[in-house]
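Remarks on the overall topology
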Amino acid sequence: MTDELKKEIEGARRSFLHDLEHVQSPEQLAALRERFLSRRKGQVSLFLARLRECPPAEKPVAGQEINRFKEFVEEALAGAEAARISASAPWSDPSLPASELPVGRLHLIADIQRRIEDIFQQLGYEIATGPEVERDEYNFTLLNFPEHHPARDEQDTFFLEGHDDLLLRTHTSPMQVRYMLAHPPPLKIVSPGKAFRKDDPDATHSPCFHQVEGLLVDRGIHFSHLKGTLEAFCRSFYGPDVVLRFRPGYFPFTEPSAEVDISCFLCAGKNSDCRVCKGTGWLEILGSGMVHPQVLRNCRIDPEEYSGFAFGMGIERVAMVKYGVPDLRLLYDNDLRLLGQFG
Ligand code: DAH
């Protein structure tokens, strides 16, 4: 009897191992456990039931055989279960260095804007920002634009429908007016922000762009203060060797007015094929001038007592000049291959 039982147990063990090897899912594993270990009809229970027929002398040995088989099945099933769990969980080693997380950066435009602000703050300027939807009066009239100036044309300016006196500011210069009306001199501000013009987008134009405006009003201010300030700014921003060139220009709100160029930082005028300055040796970077006495008067400041200078620069233009960005539209594409290089 014991020999017979032993043989059967051996057969069951082989069958169990064969099936265990072919298990492919948690369900199949559970079914195998049921088949061998279920209390009522499992193979182990069936073997135990047979003990009753055993002669008393053989019972202890037969019982031991069955128990060993039971333990074997239990261990094998537990091992298979553990292997299944560790295969489905991702392997992790807590002693490895953490994988690198992508770190965000400032957009090139925001980065340039902050660096310009930083330099002027070091020179004692305050930052003053104003609305993008502006009154015609502040954008044009009080800045001394004549009634029929082309910039006032619907062709060039976004007016708000149903509000003749409201528009998207075409430059940051209306902040000069706002600030002067609200603060008595002396005053010293830079004002960064968006401006809007009805331009078709191309490599150098965008209907929305960014500027930084500067304004200083005090007693005894003259052109050399403007020159010294812009030189200090440009040396700090573009490098200590940069040379400035002031060319006569025209803006309704400054008199005299000057367009400012810097010497080409790439070739310093020595390469007639230079891709940055196109061989001219100069790069135009901003407009500036002495605040027009009429603008001071419009803002309730006495031009006999006070004078001032102002300047305005385009941030996209700075990006193109300083970093050789060939097409301004690239700055708005949100392509991380470009943006990831800056900031
Ligand atoms: N507002 C001018 C523009 O958008 C730029 C400018 C020129 C600003 C001369 C100034 C200035 O403050 O003095 O083209």
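Whatever comes next refers back to the structure up there.
The paragraphs below set out a description of the structure included in this document. (Residues numbered from 1 in each chain as written. Predicted model: local features only at pLDDT ≥ 70, side-chain atom pairs only at ≥ 80, totals over all residues. Heavy atoms only, no water.)

Considerations on the packing of helix 1 (residues 2-21) against helix 3 (residues 43-50)
Note the threshold: Axis definition: a line fitted to C-alpha atoms, over the contacting stretch in the case of helices. Angles run 0 to 180 degrees between N-to-C directions. Each helix is a run of DSSP H or I of at least 4 residues and each strand a run of E of at least 2, with the numbering of both proceeding from the N terminus. Every angle not falling under 35 degrees, over 145, or within 65 to 115 is termed oblique; those three ranges are roughly parallel, roughly antiparallel and roughly perpendicular. Any two residues having at least one pair of non-hydrogen atoms within 4.5 Å are treated as being in contact.
Where helix 1 contacts helix 3, the axes come no closer than 12 Å and their chain directions differ by 180°. It follows from the interaxial angle that helix 1 and helix 3 lie roughly antiparallel. Facing Glu4, Leu5, Glu8, Ile9 and Ala12 of helix 1, the residues of helix 3 in contact are Gln43, Phe47 and Arg50.

Structural notes on the pairing of strand 8 (residues 254-263)
Put simply, side chains in a regular strand alternate between the two faces of the sheet. So the rule is basically this: We call a residue buried when its accessible area falls under 20% of the maximum for its residue type, exposed when it is over 50%, and partly exposed in between, using a 1.4 Å probe and counting protein chains only. We treat two strands as partners when DSSP finds at least two bridges between them.
Judged by how many residues are buried, strand 8 sits mostly within the fold: eight of ten residues are covered. For strand 7 (residues 244-251) and strand 8, the ladder comprises seven bridges, and the chain directions are antiparallel. Bridge pairing links phenylalanine 246 to valine 260 in strand 8. Two successive antiparallel strands, strand 7 and strand 8, enclose a turn made up of two residues. Direction of pairing for strand 8 relative to strand 9 (residues 282-291): antiparallel, over a ladder of eight bridges. In the sheet register, isoleucine 262 faces strand 9, and the bridge partner there is leucine 283.

Digging into the packing of aromatic side chains
We count it as follows: Note on aromatic contacts: the rings of Phe and Tyr and the six-membered ring of Trp form a pair at centre separations within 6.5 Å, being stacked when their planes are under 30 degrees apart, edge-to-face when over 60 apart, and tilted otherwise. Whether a charge sits over a ring depends on NZ of Lys or CZ of Arg being within 6 Å of the ring centre and within 35 degrees of the ring normal.
Counted by the stated rule, this structure contains 15 aromatic pairs. Pairing phenylalanine 120 with phenylalanine 311 gives two aromatic rings, centres 5.1 Å apart and planes at 25°, and the pair type is stacked. Pair noted here: phenylalanine 120 is in helix 5 (residues 108-122) and phenylalanine 311 is in strand 10 (residues 307-314), with a separation of 191 residues, a long-range link. Of the two residues, phenylalanine 120 and phenylalanine 311, neither departs from the other in class, the shared state being buried. Aromatic rings pair up to connect Phe120, Tyr125, Phe233, Phe237, Tyr238, Phe309 and Phe311 into one cluster. In this structure, arginine 13 is placed above the aromatic ring of phenylalanine 72, and the distance from its NZ or CZ to the ring centre is 4.9 Å. The aromatic ring of phenylalanine 237 is capped on one face by lysine 322, whose charged end is 4.9 Å from the ring centroid.

Comments concerning the sheet that holds strand 3 (residues 159-160)
Sheet strands pair via backbone hydrogen bonds, and the direction of the pair is either parallel or antiparallel. Reading across the sheet, the three strands line up as 2-4-3 and stay open at both edges, with antiparallel pairing between neighbours. Of all strands in the sheet, those with a lone pairing partner are strand 2 (133-135) and strand 3, marking the two edges. Sheet topology places strand 2 next to strand 4 (residues 163-168); three bridges connect them, and they run antiparallel. Directly across from valine 133, in strand 4, lies its bridge partner leucine 168.

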